[in-house]
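Listed below are the residues making up each chain.
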Amino acid sequence: MDNVALWRAVLGEIELMVSQGNFVTWFKNTRLIKVDDNEVVIGAPNIFIKQQLERKFSDIINQTLIKNGVAADRVEYKILPASSLHRKFEDRPVVLGHEGSSRPNTAASSSLTHSYRQGLSEKYTFDNFIVGSGNELAHAACRAISQSPGAKYNPLFVYGGVGIGKTHLIQAVGNEILAQNKGRSIVYISTEQFVQEFLDAIRYKKNTDFAGYYRTADVLIIDDIQFIAGKEKTQEEFFHTFNALHQANKQIIISSDTRPKDIPTLTDRLRSRFEWGMAIDMQSPDFETRCVIVQSKAQAHEVDLPHDLVEYLAGFIQTNIRELEGALNQLIAFSEMRKLTPTVELAQALFGSQKSRPKHITARQVVEKTAKHFHVSVEELIGPKRDKEIVVPRQIAMYIIRNELHMSFPKIARELGRKDHTTAIHSIDKIGKEQAFDPDVRSAIGAIKERLSV
Ligand code: ADP
Ligand code: MG
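Below: a short report on this structure. (Residues numbered from 1 in each chain as written. Chains lettered and ligands numbered in written order. Predicted model: local features only at pLDDT ≥ 70, side-chain atom pairs only at ≥ 80, totals over all residues. Heavy atoms only, no water.)

Turning our attention to the packing of aromatic side chains. With the rule as written, the count across this model stands at 13 aromatic pairs. Seen from their ring centres, Phe157 and Tyr159 are 6.3 Å apart, and the 55° between their planes marks the pair as tilted. Both residues of the pair, Phe157 and Tyr159, count as buried. Taken together, a centroid distance of 5.1 Å and an interplanar angle of 65° make the contact between Phe194 and Tyr214 edge-to-face. A residue pair is termed long-range when its members are at least 10 positions apart, and Phe194 in helix 9 (residues 191–203) and Tyr214 in helix 10 (residues 207–215) qualify at 20 residues. Through a chain of ring-to-ring contacts, three or more aromatic side chains come together here, namely Phe157, Tyr159, Phe194, Tyr213, Tyr214, Phe238, Phe242, Phe274 and Trp276. Directly above the aromatic system of Phe239 lies the positively charged group of Arg269, at a separation of 3.9 Å from the ring centroid. Above the plane of the ring of Phe409 lies Arg402, whose end atom (NZ or CZ) is 4.2 Å from the centre. (Phe/Tyr/Trp six-rings, centres within 6.5 Å; stacked < 30°, edge-to-face > 60°. Buried < 20%, exposed > 50% of the residue type's maximum accessible area, 1.4 Å probe, protein only. Helix = DSSP H or I, 4+ residues; strand = E, 2+ residues; numbered from the N terminus. Lys NZ or Arg CZ within 6 Å of the ring centre and 35° of its normal.)

The next subject is the side chain of Asp257. Tracing the backbone shows Asp257 in the loop between strand 7 (251–256) and helix 12 (268–274). Reaching out from Asp257, the side chain makes a polar contact with the side chain of Lys411 at a distance of 3.2 Å. (Polar contact = N/O pair within 3.5 Å; in protein donor to acceptor, adjacent residues only side chain to side chain.)

Turning our attention to the pattern of salt bridges. In total, this model carries 20 salt bridges according to the counting rule given. Between Glu54 and Lys50 there is a salt bridge; the shortest N-O distance is 3.4 Å. Of the two residues, Glu54 and Lys50 are both situated in helix 3 (residues 47–56); the distance of four residues between them amounts to about one turn of the helix. Of the residues examined, Glu54 reaches a relative accessible area of 33% and is grouped as partly exposed. Residues Arg203 and Asp200 are paired through a salt bridge, measuring 3.4 Å at the closest nitrogen-oxygen approach. Of this pair, Arg203 and Asp200 both sit in helix 9, three residues apart, which is roughly one turn of the helix. (Salt bridge = Lys/Arg side-chain N within 4 Å of Asp/Glu carboxyl O.)

Here we come to helix 14 (residues 307–316). Burial in helix 14 covers these residues: Leu309, Val310, Tyr312, Leu313 and Ala314. Contact partners of the buried residues in helix 14: helix 13 (287–300), helix 15 (321–338) and helix 16 (344–351). (Contact = heavy atoms within 4.5 Å.)

Attention now moves to the side chain of Asn22. For Asn22, the position within the fold is in helix 2 (residues 20–27). For Asn22, a relative accessible area of 5% translates into the label buried. Apart from residues no more than four positions distant in its own chain, Asn22 is found in contact with Phe27, Phe57, Glu192 and His406.

Once that is clear, we can look at the sheet that holds strand 2 (residues 39–44). Across the sheet, which stays open at both edges, the three strands sit in the order 1-2-3 with mixed pairing between neighbours. Among the strands making up the open sheet, the edge pair consists of strand 1 (31–35) and strand 3 (74–79). The mean inter-strand angle of the sheet, taken between neighbouring strand axes irrespective of direction, is 25°. Bridging between strand 2 and strand 3 involves six bridges; their strand directions are parallel. Counted as the bridge partner of Glu39 is Arg74 from strand 3. (Pairing = 2+ DSSP bridges. Axes fitted to C-alpha atoms, helices over the stretch in contact; angles between N-to-C directions.)

Rendered as structure tokens:
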């Protein structure tokens, strides 16, 4: 198996384990440079991504490599030369009128704040977005916006569950506007990145630079705004950005996993801004639509799938299109590697039993395994008790969910039966610090993770 195919298989699995924002930000432009028994070398586009991969994602990467048959003594990370990036990758940089050559590349701060922005990915277009039940309305609104940005539905707020096409659709708007007018400055950013850049800007005292950058966009597309919950300073900054753009009739597009009023700790003034325009709910596509999606994704790989296999896949994964696509990619990579024709039998062999399905840990599983480890019940863990015997396991469960599933704080709080997401923030912070010096906490986390991986 060559490095490209191997890495595609590894990334296919990782994509199922981390949030879309994390995947696009940290993994998309990585490459496998070298594999042998002694060493695996992974290439990252810049120092920032390299460090994050080493610090935050090395466990996931190592496990996934092992699952794909690579057990090397060490895994190293290197920065890819810029030239190889331009040649190999499909992403084009964000088009920005004012981002000239004046930005020094050497200062750590500037490479942190600007070189890792991914912006728009050409792979998300209206052409390859399948319209069907669940996404029709959002699609129509996005189409309308791409024809006359800023004119109506401003802001457009699309919300819905994971993997149902929000990012695809809002990126398609940006790509379409650019296709019609190359001179437009379109900024796409995930909220996680926005928060990070804002913090960096303060830290390196580049606040004005940061503000100016976003306020001069013609179209601002901000993904997964739920992650701004609890981040007061960032909310304030975003409020000003929003106003500046809105007053200038610039289009703002926002996505979220819930409607504005359900994002916890969102300041009222920001919430009311989000409700100014149009909020559209997206749902998972129905079976027929999923079949068409599978077919079109397979065609993009130039693979013909028999009809029963298309139906098998569309029936097998029902809500999350990202998972559906992940399963399809795995199937295609596997059949290419083994030189087999993709069939229902092959898919069943790959995904049929729960065990061999792409590992997708749920928050509930973490709660269950944590309860088991500490000999307490799930009910106690998610219930009102505040005894130390319950509180610490509860906090550990939150910590593991955050680190393994990269879930948002409000969701984590909900999984553990807490109303207030700040509980999750404090718990995760506390355990994060404790595990650094407390071997008991560390070994508990290790043991629970072990239970999760079997
Ligand atoms: P979300 O942002 O809602 O979590 P994404 O936009 O990332 O979901 O979609 C997940 C994957 O599923 C993407 O690769 C996307 O291309 C694909 N996808 C989702 N809906 C559709 C659709 N209607 N047509 C084609 N591809 C889709
Ligand atoms: Mg998304």
